[in-house]
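Breakdown of the fold
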Amino acid sequence: MLILGLESSCDETAAALVTGDRRILAHKLARQEEAHRPYGGVVPEIAARAHVEMIGPLVEQALAEADVTLSEVDAVAATAGPGLIGGVMVGLVTGKALALAANKPLIAVNHLEGHALSPRLTDPDLQFPYLLLLVSGGHCQLLLVEGPGAYRRLATTIDDAAGEAFDKTAKLLGLGFPGGPAVEEAARRGDPRAVPLPRPLVGSAEPHFSFAGLKSDVARKAGQYAVEDMAASFQQAVVDCLVDRTRIALDKVTASALVVAGGVAANKAVRGALEALAAEHGLRFVAPPLWLCTDNAAMIAWAGAERFAAGFTDPLDFPARPRWPLDPEAEKVRGAGVKA
Ligand code: KG4
Ligand code: ZN
């Protein structure tokens with residue numbers, strides 16, 4: 001089984017070819033960091049235009065690198081949401097056009113499912129169900145992953161996502177964009193105990209997250225301490241929140257492993273602390289390689305492969321969805337804003 005995957009929901013344009021037996025035949029990615037840097041964040045209109053320019057060439061390069069033609073692909077998987085709607089439409093329309101031209105099925109992939117299943121692309125031993133901490137720029141959730149299309153959301157953030165907190169903190173500390181890697185780098189040279197910062201919701205009975213209060217306190221204290229100490233103390237506060245909340249969720253489910261995915265899973269302090277938590281519970285810990293944590297098309301192709309194997313394909317009029325919760329049954333959380 002050979003799947004072409006397309007990703008364009010935020011500021012990375014990507015195309016990949018992945019097989020059902022976990023071989024990544026090609027993976028092409030174009031970043032837009034430079035285009036957005038002057039604005040200190042992703043500008044949706046600039047992102048959509050860049051996706052339009054890049055997606056065609058990336059698909060051609062991926063096919064060439066894998067040395068296959070479109071007719072050899074079994075299905076085309078494209079991110080259909082959630083994300084910035086202009087960008088999502090570019091990848092989804094491209095996927096539909098390629099599927100139509102090659103007379104292959106379309107698989108509309110939820111970007112979050114791409115992150116959620118990504119650890120299984122590089123770890124064939126990872127079995128369902130597993131507890132997933134999904135931490136990215138737009139989301140912070142704990143999910144029980146039972147299979148493709150089968151998710152139980154145990155917790156979400158009532159305000160900011162963890163990656164968003166990293167990005168805003170980086171801005172406040174003058175560390176630039178994108179923020180997560182910059183904060184991690186600065187934190188390496190700082191003292192995580194130097195600045196007293198809050199750990200919102202730590203100790204509460206339900207495993208939800210909150211980062212807005214932490215960010216405001218960083219804003220209040222920025223300038224009073226060395227940037228490295230601020231970064232290290234902020235990162236430690238996020239790690240403490242993630243670990244405490246995940247520990248509560250672990251007590252509520254039966255899982256084969258603790259898994260972390262999404263852009264913030266690239267952070268070594270986050271990975272290390274979760275690995276220790278898993279060990280404490282006698283559980284396997286699985287985290288994708290760093291390149292597979294941040295947005296990419298291999299994870300979309302792989303989610304497509306898992307969905308295709310499970311018998312799911314989608315009609316060519318499948319809509320682009322700016323919001324698309326993985327668990328539609330999940331209860332609304334008091335205080336939760338627009339985050340799915
Ligand atoms: O999954 P992703 O690439 O895009 C979304 O779907 O949101 O995640 C991007 C987020 C950004 O907020 C970025 O700052 C954060 O992941 N991130 C990190 C690190 N690398 C990326 N946060 C902390 N430490 C990192 N090393
Ligand atoms: Zn993502």
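Please refer to the structure placed before this passage.
Along each chain, numbering runs from 1 in the same order as the chain's sequence is written. Both sets of labels track the order of writing: A upward for chains, 1 upward for ligands. Where local features are concerned, this predicted model is filtered to residues with pLDDT of at least 70; where side-chain atom pairs are given and counted, the filter is 80 or more; whole-chain, interface and lining totals use all residues. Just so you know, side-chain values use all the structure's heavy atoms and leave hydrogens and water out.

Cavities and pockets were defined on a 1 Å grid built over protein atoms only: a cavity is a set of grid points that admits a 1.4 Å probe from which the probe cannot escape, a pocket is an open set flanked by protein on both sides within 12 Å along at least five of seven lines, and lining residues are those with an atom within 4 Å of any such point. Grid points are joined across faces, edges and corners, and a volume is the space filled by probe spheres set on the points. Taken as a whole, the largest pocket holds about 1500 Å³ of empty space. Surrounding the largest pocket, 47 residues form its lining, Cys10, Ser136, Gly137, Gly138 and Asp167 being those nearest its centre. Those elements giving two or more residues to the lining of the largest pocket turn out to be helix 4 (111-122), helix 5 (162-172), helix 6 (179-187) and helix 10 (290-293). What counts as a helix is a DSSP run of H or I of at least four residues, what counts as a strand is a run of E of at least two, and both are numbered from the N terminus. Here the lining of the largest pocket gets six residues from one element, more than from any other, and that element is helix 5. Residue composition of the lining of the largest pocket, by class: 16 nonpolar, 17 polar and 14 charged. Shared between two domains, the lining of the largest pocket takes at least three residues from each, and those domains are domain 1 (2-115 + 292-309) and domain 2 (127-289). Amino acids outside the nonpolar list (Ala, Val, Leu, Ile, Met, Phe, Trp, Tyr, Cys, Pro) and the charged list (Asp, Glu, Lys, Arg) are all regarded as polar, and Gly is one of them. In this entry, domain limits derive from an automatic or database-based domain assignment.

Let's shift gears to the pattern of salt bridges. A carboxyl oxygen of Asp or Glu within 4 Å of a side-chain nitrogen of Lys or Arg is what we treat as a salt bridge. Under the defined criterion, the tally for this structure stands at 22 salt bridges. Between aspartate 244 and arginine 245 there is a salt bridge, with its nearest N and O atoms 3.0 Å apart.

A covalent bond between the sulfur atoms of two cysteines is what we call a disulfide. A pair of sulfur atoms, both from cysteines and within 2.5 Å, is called a disulfide here. Within the structure shown, the criterion is met by zero disulfides. Of all cysteine sulfurs in the structure, the one in cysteine 293 sits closest to cysteine 10, which takes part in no disulfide; the separation is 16 Å. Think of it in three bands: residues with accessible area under 20% of the maximum for their type are buried, residues over 50% are exposed, and the middle band is partly exposed, with areas taken using a 1.4 Å probe on protein chains only. Owing to a relative accessible area of 25%, cysteine 10 belongs among the partly exposed residues under this scheme. Here cysteine 293 is not cross-linked by a disulfide; its sulfur's nearest cysteine counterpart is in cysteine 140, at 14 Å.

Side-chain positions along a regular strand alternate between the two faces of the sheet. Taken across its six residues, strand 6 (residues 130-135) has six buried, putting it largely inside the fold. Burial of strand 6 is two-sided: the residues Tyr130, Leu132 and Leu134 facing one way and the residues Leu131, Leu133 and Val135 facing the other way are all buried. The pairing of strand 6 with strand 7 (residues 140-147) spans six bridges and is antiparallel. Bridge assignment links leucine 134 to a residue of strand 7, and that residue is glutamine 141. By the convention used here, strands pair only if DSSP detects at least 2 bridges between them.

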